[in-house]
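Overview (structure and organization)
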Amino acid sequence: MSYFLPKLTCKKDIDEVIKCVAEKVVVLRFGRDEDSVCLQLDEILSKTSHDLSNMASIYIVDVNKAPIYTRYFDISYIPSTVFFFNGQHMKVDYGSPDHTKFVGSFKTKQDFMDLIEVIYRGAMRGKMIVQSPIDPRNIPKYDLLYHGI
């Protein structure tokens with residue numbers, strides 16, 4: 001659990017942040033406070049939040065307190081990180097089938113900072129999807145699960 005990053009505890013708070021933060025990337029980390037991988041990611045997020053304050057606003061969302069968004073973004077693995085810019089969901093091509101979120105923890109602070117910079121610069125040019133600058137070896141691999149197909 002990060003004491004340095006703001007927590008969003010309900011749908012109304014999340015909606016407000018997505019709609020009202022202008023000209024910055026909104027980073028929403030979905031996970032649980034007691035999960036070890038979430039704690040690892042929170043450490044990276046909190047250490048970079050000051051350096052990225054001109055480009056990004058970072059928030060923590062507990063998956064149990066925001067079930068609507070957990071279902072909407074199909075958060076089946078935690079931590080999952082979702083990005084927005086001026087109310088628009090930003091997608092990133094990580095070389096995986098899912099461009100809507102980053103699943104797992106970033107390997108280094110620099111990976112996260114590079115990703116935010118690419119998202120910010122792409123969004124400022126009007127792009128809704130950007131290419132990930134992260135080395136593919138540093139991106140966690142997982143399989144998408146489709147139920148009921």
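Read on for a plain summary of the structure.

Cut-offs applied
- Residues numbered from 1 in each chain as written.
- Predicted model: local features only at pLDDT ≥ 70, side-chain atom pairs only at ≥ 80, totals over all residues.
- Heavy atoms only, no water.
- Helix = DSSP H or I, 4+ residues; strand = E, 2+ residues; numbered from the N terminus.
- Expected span 1.5 Å × (residues − 1).
- Buried < 20%, exposed > 50% of the residue type's maximum accessible area, 1.4 Å probe, protein only.
- Contact = heavy atoms within 4.5 Å.

A few points about helix α4 (residues 109–124)
Along its 16 residues, α4 runs 23 Å from first to last C-alpha, staying within 8% of the 22 Å computed at 1.5 Å per residue. For α4, the full list of buried residues reads D111, F112, M113, L115, I116, I119, Y120, G122 and A123. On its buried face, α4 is in contact with β2 (25–31), α2 (36–49), β3 (56–62), β4 (80–85), β5 (88–93) and β7 (129–131). Taken from the residues just after α4, G126 is the one with a positive phi, measuring 90 degrees.

Section: the environment of L52
By the element assignment, L52 lies in the loop between α2 and β3. In this structure the C-alpha to C-alpha distance between L52 and L39, which are 13 residues apart in sequence, comes to 19 Å. Among all residues touching L52, those that are not within four sequence positions of it are F112, M113 and I116.

As far as function goes, none of this settles anything; it's purely spatial.
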